[in-house]
Every structure is written in C-alpha cells, then in structure tokens.
Amino acid sequence: QVQLVESGGGLVQAGGSLRLSCAASGRTFVINVMGWYRQAPGKQRELVATITAGGTTNYADAVKGRYTISRDNARNTVYLQMNSLKPEDTAVYYCNAVRTLDRYDYWGQGTQVTVSS
C-alpha cells in the first residue's frame, strides 16, 4: 500500500501563490507517475499536472505557465507551485500516485484551495 498526505492548501487572493506538498509513504517503489488533480463544487475531478520519476511533466491547458510540478524522489514528495491564482482555481486538490504494474490509482485525502476575487 501507498499512503499520500497533502499539505499547503488555504485561502489566497487572486493573483497570489500557494505551494502544495504531497508526501508518499509505504511501498513507494511500486509507483512512477505522481500528480495533482482537482475537483471544484459540482464538477468532475480533473487533471492538473503529472510528473514521472524521471522528471517528465504534463500540465492541463488551464494551468500551463502558472503552475509548476516538481518532485523529490529521495523524499518521495511531489510539489505543486501555483502562481497567478484565479478564482476558477478554487477546488479541492488531490495528490495522485499510479502503481506502475496495473495503473492502480492511490489518492490523498485532498486539500482545499480557495482563491478570492
């Protein structure tokens, strides 16, 4: 099993920044891709960004140029630096890790990000 614990959410004004962290523990050797998803009220969960153990990144169009995903493999931690935040970025942000063998998804408990206008 892999456990994911997020931190760093909160309330910020539009144009501000936040940094999310997600620490993985347990059988972390089974995972390669980690990432962040978000879910706004009344909407489906959507991809924000992913990163492989080798550092290859992928971003949703809505966050390109504003968000940066990074990873510290030694600490089994993934980060999401969010800049130029907009009210439409308000959502619960979930950390995700994918088990390489069968693409099973592990999820964190989520952290609330609220951007006020």
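The shown structure was predicted, so the numbers you read here are calculated from the model rather than taken from an experiment.

## Observations regarding the overall build of the protein chain
Scanning the protein chain for helices and strands turns up 0 helices and 11 strands. What you see in the protein chain, going N to C, is helices and strands ordered as β-β-β-β-β-β-β-β-β-β-β. Here the C-alpha atoms of the protein chain give a radius of gyration of 13 Å, agreeing with the 13 Å that 2.2 N^0.38 yields for 117 residues. For the protein chain, the spread of C-alpha atoms along the three principal axes comes to 40 × 25 × 20 Å. Expressed as a percentage of the 117 residues in the protein chain, the buried residues total 41%. Long-range contacts, defined as pairs at least 24 residues apart, comprise 53% of the intrachain contacts of the protein chain with a sequence gap of at least 6. Looking at the protein chain as shown, the accessible area adds up to about 6,200 Å², and 48% of this sits on carbon and sulfur atoms. Counting 12 positive and 8 negative side-chain charges, the protein chain places the centres of these two groups 3 Å from one another.

## Observations regarding the pattern of salt bridges
Inspection of every chain in the model, using the stated rule, returns 6 salt bridges. Where D61 meets K64, a salt bridge forms, and the shortest distance between an N and an O atom there is 3.2 Å. According to the relative accessible area criterion, D61 is exposed, its value standing at 64%. A salt bridge links D89 to R66; the shortest N-O distance between them is 2.7 Å. You can see D89 sitting in the loop between β8 (77-82) and β9 (91-99) and its partner R66 sitting in the loop between β6 (57-59) and β7 (67-72), a full 23 residues away along the chain. There is no split in this pair, since D89 and R66 are both buried.

## Regarding the packing of aromatic side chains
Aromatic ring pairs: the centre-centre distance and the angle between the two ring planes describe each pair. By the definition in use, this model includes 2 aromatic pairs. Pairing Y37 with W107 gives two aromatic rings, centres 5.1 Å apart and planes at 75°, and the pair type is edge-to-face. Taken as a pair, Y37 in strand β4 (residues 31-39) and W107 in strand β10 (residues 104-107) lie far apart in primary sequence, 70 residues in all. A residue is classified by how much of its surface remains accessible, and Y37, at 22% relative accessible area, is partly exposed. Among the residues examined, W107 registers a relative accessible area of 34% and is labelled partly exposed.

## Notes on the nonpolar core
Core analysis: the biggest nonpolar cluster contains 30 residues, and L4, M34, W36, L80, M82 and Y93 have the highest contact counts within it. Residue assignment for this core shows that the elements contributing at least two residues are β1 (2-7), β3 (18-26), β4, β5 (46-51), β7, β8, β9 and β11 (111-116).

## Describing the environment of S17
Note on placement: S17 falls in the loop between β2 (10-13) and β3. The sequence separation of S17 and R71 amounts to 54 residues, and the corresponding C-alpha distance is 18 Å. Setting aside residues up to four positions removed in sequence, S17 forms contacts with V12, Q81, M82, N83, S84 and L85. Within the structure, S17 has its side chain in polar contact with the side chain of N83 (distance 2.9 Å).

## Thoughts on the pairing of β3
Strand direction decides the pairing type here: β1 and β3, joined by 6 bridges, are antiparallel. Bridged to L4 within β3 is A24. Here 6 bridges tie β3 to β8, and the two strands are oriented antiparallel to one another. For L18, the partnering residue across the bridge sits in β8 and is M82.

Reading guide: rules and limits
- Residues numbered from 1 in each chain as written.
- Predicted model: local features only at pLDDT ≥ 70, side-chain atom pairs only at ≥ 80, totals over all residues.
- Heavy atoms only, no water.
- Helix = DSSP H or I, 4+ residues; strand = E, 2+ residues; numbered from the N terminus.
- Rg over C-alpha atoms; globule rule 2.2 N^0.38 Å.
- Buried < 20%, exposed > 50% of the residue type's maximum accessible area, 1.4 Å probe, protein only.
- Contact = heavy atoms within 4.5 Å.
- Areas by Shrake-Rupley, 256 points an atom, 1.4 Å probe, with all protein chains shown as cover.
- Lys, Arg positive; Asp, Glu negative; His and termini not counted.
- Charge placed at Lys NZ, Arg CZ, Asp CG, Glu CD.
- Salt bridge = Lys/Arg side-chain N within 4 Å of Asp/Glu carboxyl O.
- Phe/Tyr/Trp six-rings, centres within 6.5 Å; stacked < 30°, edge-to-face > 60°.
- Core = buried A, V, L, I, M, F, W, Y, C linked by side-chain atoms within 4.5 Å.
- Polar contact = N/O pair within 3.5 Å; in protein donor to acceptor, adjacent residues only side chain to side chain.
- Pairing = 2+ DSSP bridges.

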